[in-house]
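Residue-level structural notes
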Amino acid sequence: MTKASQTLHSRANTPSAETLTKWDREHQIHPWAAMDDWRGYDNMLVETAKGIYFWDAQGKRYIDGPGGMWCNQIGPGRRDMAEAIADQVIKLSYTSPFSNATEPSSVLAKKLAEMAPGDLNNVFFTTGGSTAVDTALRTMQYLNNRRGMPEKKMILAREKGYHGSTYLAHSVTGKERDKSKFDFETRLVHFLPDVNPYRRPKGTSVADWCDAKVADLEAAITELGADKIGAFIAEPILSSGGVIIPPEGYHRRTWEICLANDILYISDEVVTGFGRLGQWFASESVFGIVPDMITSAKGLTSGYLPLGACIISDRVMEQMSGLGEASSFTNGYTYSAHPVSCAAALKNIEIFESEGILEHVREVSPHFQARLTALTRFDIVGDVRGMGLLGCIEGKAENLEAERTLGAQIDKACEDLGLIVRPLINMAVFSPPLIITKDQIDEMFDILEQALEKVSADVAKAAS
Ligand code: PLP
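Everything numeric in this text was worked out from a predicted model, so none of it was measured.

Criteria and thresholds
Residues numbered from 1 in each chain as written. Predicted model: local features only at pLDDT ≥ 70, side-chain atom pairs only at ≥ 80, totals over all residues. Heavy atoms only, no water. Pairing = 2+ DSSP bridges. Helix = DSSP H or I, 4+ residues; strand = E, 2+ residues; numbered from the N terminus. Contact = heavy atoms within 4.5 Å. Axes fitted to C-alpha atoms, helices over the stretch in contact; angles between N-to-C directions. Salt bridge = Lys/Arg side-chain N within 4 Å of Asp/Glu carboxyl O. Buried < 20%, exposed > 50% of the residue type's maximum accessible area, 1.4 Å probe, protein only. Core = buried A, V, L, I, M, F, W, Y, C linked by side-chain atoms within 4.5 Å. Domains from an automatic or database assignment. Near = heavy atom within 4 Å. Polar contact = N/O pair within 3.5 Å; in protein donor to acceptor, adjacent residues only side chain to side chain. Areas by Shrake-Rupley, 256 points an atom, 1.4 Å probe, with all protein chains shown as cover. Nonpolar A, V, L, I, M, F, W, Y, C, P; charged D, E, K, R; others polar. Phe/Tyr/Trp six-rings, centres within 6.5 Å; stacked < 30°, edge-to-face > 60°. Lys NZ or Arg CZ within 6 Å of the ring centre and 35° of its normal. 1 Å grid on protein atoms, 1.4 Å probe; cavity = no way out; pocket = protein on both sides within 12 Å on 5 of 7 lines; lining within 4 Å. Points joined across faces, edges and corners; volume = space filled by probe spheres on them.

In space, the four strands of this open sheet follow the order β1-β2-β3-β13, with mixed pairing throughout. In the strand order of this sheet, the two ends are held by β1 (46-50) and β13 (419-420), each with one partner. Packing against the sheet, helix α16 (residues 438-463) makes contact with β2 (53-56), β3 (61-64) and β13, and its axis sits at approximately 105° to β3.

Here it is in structure tokens:
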């Protein structure tokens, strides 16, 4: 029997959970795998999912606190999504985006242009968030090369920002731990310091902190020269960095500075878009800015299929074209505008509209945020922060060493009690499916409180 036929035969016989875990351990490399012991660690084998819950191979139920990877907006396992996807597979599963248009991609591009603010009317489809970010940054490079400004290509990014895992998206990512042993491009990027108001020096008001953070941007422009800087890339809320919400007024002031200096503002809405803050996109509706480009992915299909989009303003498109010299936009992927992914995105949007998902998020968010804020009663909680259905608990402890383990401790206690959170050093973040009800928010925070009680008791015991 050949290796391939053995595998097919085994699949037909539904391998046991133990076998699947063994094959996973022996043959699959997971994102962010712990390389000191990558074969020694078992990933949870997830079997089914419905609504805000999923079940592991042993039948244990969990609340999906992170909503998959911040993407599970309408909840998994919907038959209407399955049917829309199946219909598109049967009608047209693929055609080359390099030469052809399709109904789903044309309709989706039109829809996104309507949803996006201002004159962001032009959509380049990608395969996910990283490739959307890559596309936005390459668009800036292409634009400034074509405009005869090849020196104006430095990218301003921020510490704690996360923008993806392609070489360029990784290079503008400011999470130092993610960069431990991979190479990245330093020539192209300049990082601005942490904007987290929780990290402001004692005695500094939030308004003063905002001034300081705006001054960081101004100082970078003075130091590097506006004629050398092509773009500023920023998540409206630095999500993977720990749901960091820059101080009020920061977005608008930094955007105005970029405008005044001919620096493209790229708003990375891979997490904040598609309902997470109760809006299609947060840039204008929540933060009052109309960027030059918006990147989107994740909630665009509610995680049913991979898809990303870089939405570009008319102004940028006009500057890039008609310059009297033939030139192709040589950026793109075999699976750009994949018709089945676009059909999934369209069905997802239809469900958002028919079921009032944005309105629902706006209605339940105050309850979610109130339950989150109440967690400050625990001594081990240093800060809580969030907006919409996005939240983070930042743990605090006697010393840095103890603090570093808090995220993992909270994660373990929650998991035992049937709630998945996303641990990040001393933090736990959550972004549950947007369909979560008020009762389910209570169920989730009741578990979190129990978990925090357990961790508090463990911490006290360890200290005594
Ligand atoms: N941008 C932001 C803000 C993200 O949070 C992520 C992923 O978490 C990405 C980009 C990269 O997206 P993807 O993992 O789909 O490539």
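In the structure shown here, the tally under the stated rule is 27 salt bridges. Among the salt bridges present, the one from Lys412 reaches Asp416, with a minimum N-O distance of 2.7 Å. Taken as a pair, Lys412 and Asp416 lie in helix α15 (residues 406-416) at a separation of four residues, close to a single helical turn. By relative accessible area, which is 45% here, Asp416 ends up partly exposed. A single network of salt bridges, built from pairs that share partners, joins Arg371, Arg377, Asp442, Asp446, Glu449 and Glu453.

We now examine the nonpolar core. Ranked by size, the top nonpolar core spans 60 residues in total, and within it Leu108, Leu112, Phe281, Leu375, Phe430 and Leu448 carry the most contacts. Among the domains, domain 1 (44-76 + 357-463) and domain 2 (81-355) are the pair contributing at least three residues each to this core. Once residues lying within four places of it in the same chain are set aside, the contact partners of Phe281 are Leu112, Met115, Ala116, Glu269, Gly273, Phe274, Ile294, Ser296 and Ile311. Grouped together as the second largest cluster of nonpolar side chains are 23 residues, Ala169, Val172, Cys310 and Val316 included.

The next point concerns the site of the ligand. Neighbouring the ligand are Gly128, Gly129, Ser130, Tyr162, His163, Gly164, Glu235, Ser240, Asp268, Val270, Val271 and Lys298. Contact between the ligand and Lys298: an oxygen atom at 2.9 Å from a side-chain N or O atom of the residue. Look at the ligand: alone it shows 390 Å² of surface, and the protein chains cover 83% of it. Looking at side-chain class alone, the shell around the ligand contains three nonpolar, six polar and three charged residues.

Overall, antiparallel pairing links the four strands, which are arranged β11-β12-β15-β14 in an open sheet. In this open sheet, the two edge strands, each paired with only one partner strand, are β11 (381-387) and β14 (422-424). Each neighbouring strand pair of the sheet contributes to a mean axis angle of 20°, computed without reference to strand direction. For β14 and strand β15 (residues 427-430), the ladder comprises three bridges, and the chain directions are antiparallel. If you follow Arg422 over to β15, its bridge partner there is Val429.

Right, let's get into the packing of aromatic side chains. Under the criterion given, the structure shown has 14 aromatic pairs. Taking 6.4 Å as the distance between ring centres and 55° as the angle between the ring planes, the aromatic pair formed by Tyr53 and Trp55 counts as tilted. On the basis of relative accessibility, which here comes to 25%, the residue Trp55 falls in the partly exposed class. Members of the aromatic cluster, connected to one another through ring pairs, are Phe274, Trp280, Phe281 and Phe352. The side chain of Arg61 reaches across the aromatic face of Tyr53, ending 3.8 Å from its centre. Between the NZ or CZ atom of Lys213 and the centre of the ring of Trp209, over which it lies, the distance is 4.4 Å.

Turning our eyes to something else, we now look at the pairing of β15. What you see with β15 is no split at all: Met427 and Val429 on one side and Ala428 and Phe430 on the other are buried throughout. Pairing geometry for strand β12 (residues 390-395) and β15, over four bridges, is antiparallel. Within β15, the residue paired with Glu394 across the bridge is Met427. The hairpin turn running from β14 into β15, its antiparallel successor, is two residues long, and Ile425 in that turn takes a positive phi close to 50°.

Turning our attention to the layout of surface pockets. Within this model, the second largest pocket holds a volume of roughly 370 Å³. Taken together, the elements giving at least two residues each to the lining of the second largest pocket come down to α5 (103-115) and β4 (120-126). Taken together, the residues of the lining of the second largest pocket break down into twelve nonpolar, nine polar and no charged.

The topology assignment puts Glu185 in the loop between α7 (167-171) and β6 (189-192). In this structure the side chain of Glu185 is engaged in a polar contact, spanning 2.9 Å, whose partner is the side chain of Arg187. If sequence neighbours within four positions are ignored, Glu185 has contacts with Tyr167 and Ser171.

The next point concerns unusual backbone geometry. Of note in the backbone geometry, Trp32 takes a positive phi value of approximately 60° without being a glycine. Mapping Trp32 onto the fold places it in the loop between α2 (17-27) and β1. Judged by relative accessible area, which is 55%, Trp32 ranks as exposed. In this structure, Phe274 is a non-glycine residue whose phi angle is positive, near 55°. Among the secondary structure elements, Phe274 is positioned in the loop between β8 (264-268) and α10 (282-285). For Phe274, a relative accessible area of 1% translates into the label buried.

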